[in-house]
Amino acid sequence: MTPALGVTLAVMALSAALFVALPMYRGGRSRTISVVIASGFIVALSIGLYAVIGNPGVKSGAGGMPDISAMVESLAKRLESEPRDLRGWKMLGRSYMTLGNFAGAVEAYERAAELESSEDAQTLVALGEALLARDNARIEGRTSALFESALAIDPNNPTALFYGGIGARNRGDVALAADRWEKLLGLNPPDEIQQILRQRVAEWRGEPPAPIEKQGAVVVANVSVAPGVSAELPEDAAVFVIARDPNAPSPPIAVTRRQLSELPAAIELGDGDSMIPGRSLSAFPEFELVARVSASGQPIAQSGDWFGAVIVKPSESASVDVPIRDRVP
């Protein structure tokens, strides 16, 4: 697996995928969380160099390293006078995504796509991801069209294959969704991701899914639904049980999926449910556990979903009650 494939898989976990469902690398093997952190630093450093070159007035922080926000602000200011700087707009988009300014990222990637006449697949994918992050919405309409356009330009773009599969499923074309994820499997993603992709492909093909290998429970969530909640939702509504770092909830640490008809149930969550290789649930002394009934079937929270959440310290208790009784506004 290449480095580019690994990054996209991390983004999958962030944006579209609690269940399955963040930029893909094109070389190397599975990445550890330290590599993820290191790559983030490298991106920040490249932003800084790009912003500072030709602008020595940018203020430096401790140790002489320019402040990240100041670097991004400097880059944005430079682009006002250099609006045809394609590389700059792309870097600004990545910078805004890193800082959580998703609206700014959308604007930056729109400028880049305009300069390229919407002929670069990766720019269209990046714009689609920025729109998803900004709007917290389903893959449909414009976002779906962007991933479809990216696939028309580059049928082997791994990120477009991932999101394009979800978009096809949202349109009811499960055969196309399965085809795209099978193609993605051919790019040799990490074993943990392969298991999840194969589960969904088997479901879309109407085949018995192979069991996902477990590695021992870190926590057992006793998930139940408050009276009256079940009556508002179909029995086959998806239930996502998510472990996440309260200080950095995206991407989640681990996730598993059930159906509403299975509740109440004692649901195990362990390292085998981790979303990113090397980022194990057992390594966290404390995490937030969320159980959510998805009215839309989407892994990302939507208005109308029902949820429950608790803070878990496995060293104190390996079994917790998670009643689902609150509604997403």
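This text goes with the structure placed above it.
Criteria and cut-off values
- Residues numbered from 1 in each chain as written.
- Predicted model: local features only at pLDDT ≥ 70, side-chain atom pairs only at ≥ 80, totals over all residues.
- Heavy atoms only, no water.
- Helix = DSSP H or I, 4+ residues; strand = E, 2+ residues; numbered from the N terminus.
- Areas by Shrake-Rupley, 256 points an atom, 1.4 Å probe, with all protein chains shown as cover.
- Core = buried A, V, L, I, M, F, W, Y, C linked by side-chain atoms within 4.5 Å.
- Buried < 20%, exposed > 50% of the residue type's maximum accessible area, 1.4 Å probe, protein only.
- Pairing = 2+ DSSP bridges.
- Axes fitted to C-alpha atoms, helices over the stretch in contact; angles between N-to-C directions.
- Polar contact = N/O pair within 3.5 Å; in protein donor to acceptor, adjacent residues only side chain to side chain.
- Parallel < 35°, antiparallel > 145°, perpendicular 65-115°, else oblique.
- Left-handed = near helix turned anticlockwise from the far one by under 90°.
- Contact = heavy atoms within 4.5 Å.
- Nonpolar A, V, L, I, M, F, W, Y, C, P; charged D, E, K, R; others polar.
- Expected span 1.5 Å × (residues − 1).

Student: Now, about the overall build of the protein chain: what can you tell me, with residues and values included?
Tutor: When its secondary structure is counted, the protein chain shows 10 helices and eight strands. A total of about 15,200 Å² of accessible surface is found on the protein chain, and carbon and sulfur atoms cover 53% of it.

Student: Can you break down the nonpolar core residue by residue, with the values?
Tutor: The biggest cluster of nonpolar side chains holds 42 residues, and the ones touching the most others in it are Leu92, Phe162, Trp181 and Leu197. Elements represented by at least two residues in this core include exactly helix H3 (68-81), helix H4 (86-99), helix H5 (102-115), helix H6 (121-135), helix H7 (141-153), helix H8 (158-170), helix H9 (174-185) and helix H10 (191-205). Residue contributions to this core peak at eight residues, all from H6. Core analysis: the second largest hydrophobic core is formed by 27 residues, Val229, Ala243, Leu263 and Ile267 among them.

Student: Please give an account of the sheet that holds strand E1 (residues 217-225) that cites residues and values.
Tutor: Taken in spatial order, the three strands of this open sheet run E4-E1-E7, and their pairing is mixed. The sheet terminates laterally at strand E4 (265-270) and strand E7 (319-324), the two strands that pair on one side only. With strand direction ignored, the average angle separating the axes of adjacent strands in the sheet is 30 degrees. In this structure, E1 lies alongside E4, joined through six bridges in antiparallel fashion. Within E4, the position partnered with Val223 by the bridge is Ala265.

Student: I'd like to hear about the pairing of strand E6 (residues 306-312), residue by residue, with values.
Tutor: Bridge count between strand E5 (residues 287-294) and E6: seven bridges; the pairing is antiparallel. Across the sheet, residue Glu288 finds its bridge partner in E6, namely Ile311. Relative to strand E8 (residues 326-327), E6 is paired through two bridges, and the arrangement is antiparallel. Each residue of the ladder has a partner; that of Phe307, found in E8, is Asp326.

Student: A description of the environment of Asn170 should follow, citing residues and the corresponding values.
Tutor: With respect to the helices and strands, the residue Asn170 is situated in helix H8. A distance of 3.1 Å separates a polar atom in the side chain of Asn170 from the backbone oxygen of Ile139.

Student: Explain the packing of H8 against H9 to me, and be specific about the residues and the numbers.
Tutor: Close contact between H8 and H9 brings their axes to 8 Å; oriented N to C, the two are set at 160 degrees. Here H8 is positioned roughly antiparallel relative to H9, judged by the angle of their axes. Once H8 is placed against H9, the crossing between them reads as left-handed. Contact residues: Pro158, Leu161, Phe162, Gly164, Gly165, Ile166, Ala168 and Arg169 in H8; Val174, Leu176, Ala177, Arg180, Trp181, Lys183 and Leu184 in H9. Looking at the contact of H8 with H9 residue by residue, the classes come out as 10 nonpolar, two polar and three charged.

Student: Which residues make up H3, and what values do they have?
Tutor: Taking 1.5 Å per residue as the helical rise, H3 with its 14 residues ought to reach 20 Å, and the 21 Å between its terminal C-alpha atoms agrees with that figure. What H3 keeps buried is the set Met71, Val72, Ser74, Leu75, Ala76, Arg78 and Leu79.

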